[in-house]
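What the coordinates show
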Amino acid sequence: MDLPVAIVFGALFGLMGCVAPAALYERVLRGGSVSLAAGIAAVGMSLLTLTAVLLVVYTATNAGFLEFGCAMVGSFLLFWAVEAVRGWRAANGRA
């Protein structure tokens, strides 16, 4: 896998792992409520998705695996850092 391809796909799959918990997070930010079971299921789905993607990439090719993994984790953490700032601002009354 080429370096740019590994980085782009890693970032995309990292963001894909954020979809389920982010949907619940947005619902809560808008004033809705979410059950604990739904939150645990969303986190579990995120974990399984990211683990399965890493397993597939590792078994398919070893070339570019480190770059792919770093881009995936980096985009995942960057997304949640932005969401944490949004949540902090909403909690302090500055939406």
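To keep things clear, this report deals only with the structure shown in the data block. All figures in this text were calculated on a predicted structure; none of them were measured in a lab.

Regarding its fold elements, the chain presents four helices and zero strands. For the chain, the N- to C-terminal ordering of α and β elements is α-α-α-α. Overall size of the chain, expressed as C-alpha extent along the three principal axes, is 45 × 25 × 10 Å. Residue burial in the chain is summarised as follows: out of 95 residues, 22% are buried. Sequence separation of at least 24 residues holds for 72% of the intrachain contacts in the chain that already meet a minimum separation of 6. As displayed, the chain has an accessible area near 6200 Å², and 75% of this comes from carbon and sulfur atoms. Distance between charge centres in the chain, computed from 5 positive and 4 negative side chains, equals 21 Å.

All right, on to helix H3 (residues 36–60) then. In this model H3 runs 36 Å from its N-terminal to its C-terminal C-alpha over 25 residues, within 8% of the 36 Å that 1.5 Å per residue would give. Tucked into the core, H3 has its buried residues touching helix H1 (3–16), helix H2 (19–29) and helix H4 (65–91).

Okay, the environment of Ala 23 next. Along the chain, Ala 23 falls in helix H2. Residue class for Ala 23 comes out partly exposed when judged on its relative accessible area of 47%. Each C-alpha atom, one on Ala 23 and one on Ala 42, is 8.9 Å from the other, the two residues being 19 residues apart in sequence.

This brings us to a nonpolar patch on the surface. There is a patch of nonpolar side chains on the surface, built from Met 1, Val 5, Val 8, Phe 9 and Leu 12 and spanning about 420 Å² of accessible area. Within the secondary structure, Met 1 is located in the segment before H1. The partly exposed category is assigned to Met 1, whose relative accessible area is 36%.

Evaluated as defined, the whole model comprises five aromatic pairs. A centroid spacing of 5.7 Å and a plane angle of 85° characterise the contact between Tyr 25 and Trp 80, whose relative ring orientation is edge-to-face. Of the two residues, Tyr 25 sits in helix H2 while Trp 80 sits in helix H4, which places them 55 residues apart along the sequence. One aromatic cluster is present, built from ring pairs that chain together Phe 9, Phe 13 and Phe 68.

What counts as what
Residues numbered from 1 in each chain as written. Predicted model: local features only at pLDDT ≥ 70, side-chain atom pairs only at ≥ 80, totals over all residues. Heavy atoms only, no water. Helix = DSSP H or I, 4+ residues; strand = E, 2+ residues; numbered from the N terminus. Buried < 20%, exposed > 50% of the residue type's maximum accessible area, 1.4 Å probe, protein only. Contact = heavy atoms within 4.5 Å. Areas by Shrake-Rupley, 256 points an atom, 1.4 Å probe, with all protein chains shown as cover. Lys, Arg positive; Asp, Glu negative; His and termini not counted. Charge placed at Lys NZ, Arg CZ, Asp CG, Glu CD. Expected span 1.5 Å × (residues − 1). Patch = residues over 30% accessible without salt bridge, like charges linked within 9 Å, V, L, I, M, F, W, Y side chains within 5 Å. Salt bridge = Lys/Arg side-chain N within 4 Å of Asp/Glu carboxyl O. Phe/Tyr/Trp six-rings, centres within 6.5 Å; stacked < 30°, edge-to-face > 60°.

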